[in-house]
Amino acid sequence: MGVLTNSDGSVKVAGVLITIGLPLLSTGYYRYGQQGGGDTGQLLTRAFENEEGHSSMSFFRPQSGYFELVAGMAAIVMGSVLCCSSIRASKDDNGVDERNCWIEDKSTKAEQLLIEIKRVLYATEKSEGENRDGGAEPDETNGDDDADAISICFRCLGALTNQCAKSQKRKSKKISSGGSVDATTATKQRTDDDVLETSSQEACYLLLKHFPRNEKIVSSCLFLLALISKNDTIRQRHNTTRTSAAADDDGTPPRHNNYGLETPITTIRDALRRAKSAPSPTEDEEHSAA
């Protein structure tokens, strides 16, 4: 019903027209039927017939129920046209949000969000590869071509952060209350939490690799990594990465080097370096910002 109502619950013009048109149409059809008339096509024909049976506007003699039928049909048609216009405008102006409204849905799983991030990154890499093959120079500023990709990835990060925060809150509440659950439920909850947080970690590392200079993505990834840092599997990944990297001195590649702490640390250093190199705001700019 979003095309008939606004976000604050008020009814749009299209909703008012359709709401008025339906009872008018029903009333007109009923009143015409009470007079023993035929179908509605005959009603419209007879309304413009003169006494001799010839069509003539000068001898306009509407029958009972005619005005209700015409007004009802006109209101419904106008309401339908406004609905179609609203849907088309919504798709044109907010196509990304309308097509991906499932991202913020509570039933969306972490694996689905991770797959969506991978899909977006793959499409971005493919587009960049086609630009390079076509002789275009690479754009280091994440321009308009990446705007949609960054927007979708940022929303996926937000959804993962919300899910992880709720999971942390649930675990803290269970510990503080001292409540207990059966073994099967506890095992399922631990498995679900582990999948959620490891998927979140993978998403963060992918995005830090692809958008290392986007402040919005970087800050969201670092916040999410800090939120899930207590997970045992994630700690084990960090330890495995450090041990493997230190042990492989024979020239062979490390067995696992995807989730090392050097990635977020390097990202933080680069962000601090960019902040230092950025020009200081003038006094006028500070006053206008305040």
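Given the structure is predicted, the values throughout are model-derived calculations rather than measurements.

Reading guide: rules and limits
- Residues numbered from 1 in each chain as written.
- Predicted model: local features only at pLDDT ≥ 70, side-chain atom pairs only at ≥ 80, totals over all residues.
- Heavy atoms only, no water.
- Helix = DSSP H or I, 4+ residues; strand = E, 2+ residues; numbered from the N terminus.
- Buried < 20%, exposed > 50% of the residue type's maximum accessible area, 1.4 Å probe, protein only.
- Areas by Shrake-Rupley, 256 points an atom, 1.4 Å probe, with all protein chains shown as cover.
- Salt bridge = Lys/Arg side-chain N within 4 Å of Asp/Glu carboxyl O.
- Contact = heavy atoms within 4.5 Å.
- Phe/Tyr/Trp six-rings, centres within 6.5 Å; stacked < 30°, edge-to-face > 60°.

## Section: the overall build of the protein chain
Looking only at helices and strands, the protein chain features 11 helices and zero strands. Tracing the protein chain from N to C terminus, the helices and strands come up as α-α-α-α-α-α-α-α-α-α-α. Split into buried and exposed, the 290 residues of the protein chain put 28% on the buried side. Taken as a whole, the protein chain presents about 19200 Å² of accessible surface, with 55% of it coming from carbon and sulfur.

## Things to note about the pattern of salt bridges
If you walk through the whole model with that rule in mind, you get eight salt bridges. Note that Glu197 and Lys171 form a salt bridge whose closest N and O atoms lie 3.5 Å from each other. On the criterion of sequence distance, the pair formed by Glu197 in helix 7 (residues 183–210) and Lys171 in helix 6 (residues 147–177) is long-range, its members being 26 residues apart. Residue classification places Glu197 among the buried positions, given a relative accessible area of 1%. Taking the relative accessible area as the measure of exposure, Lys171 reaches 26% and is therefore partly exposed. A salt bridge links Arg273 to Asp270; the shortest N-O distance between them is 2.7 Å.

## Digging into the side chain of Gln201
In this fold, Gln201 is placed in helix 7. Residues contacting Gln201, with those up to four places away along its chain left out, are Leu225, Ile228, Ile234, Arg237, His238 and Tyr259.

## Some details on the packing of aromatic side chains
Evaluation of the coordinates by the stated rule reveals one aromatic pair. Each ring, one from Tyr205 and one from Tyr259, has its centre 5.4 Å from the other, and the planes form 75 degrees; the classification is edge-to-face. Of this pair, Tyr205 sits in helix 7 while Tyr259 sits in the loop between helix 9 (232–247) and helix 10 (262–277), placing them 54 residues apart in sequence. Classification of Tyr205 as buried rests on a relative accessible area of 7%.

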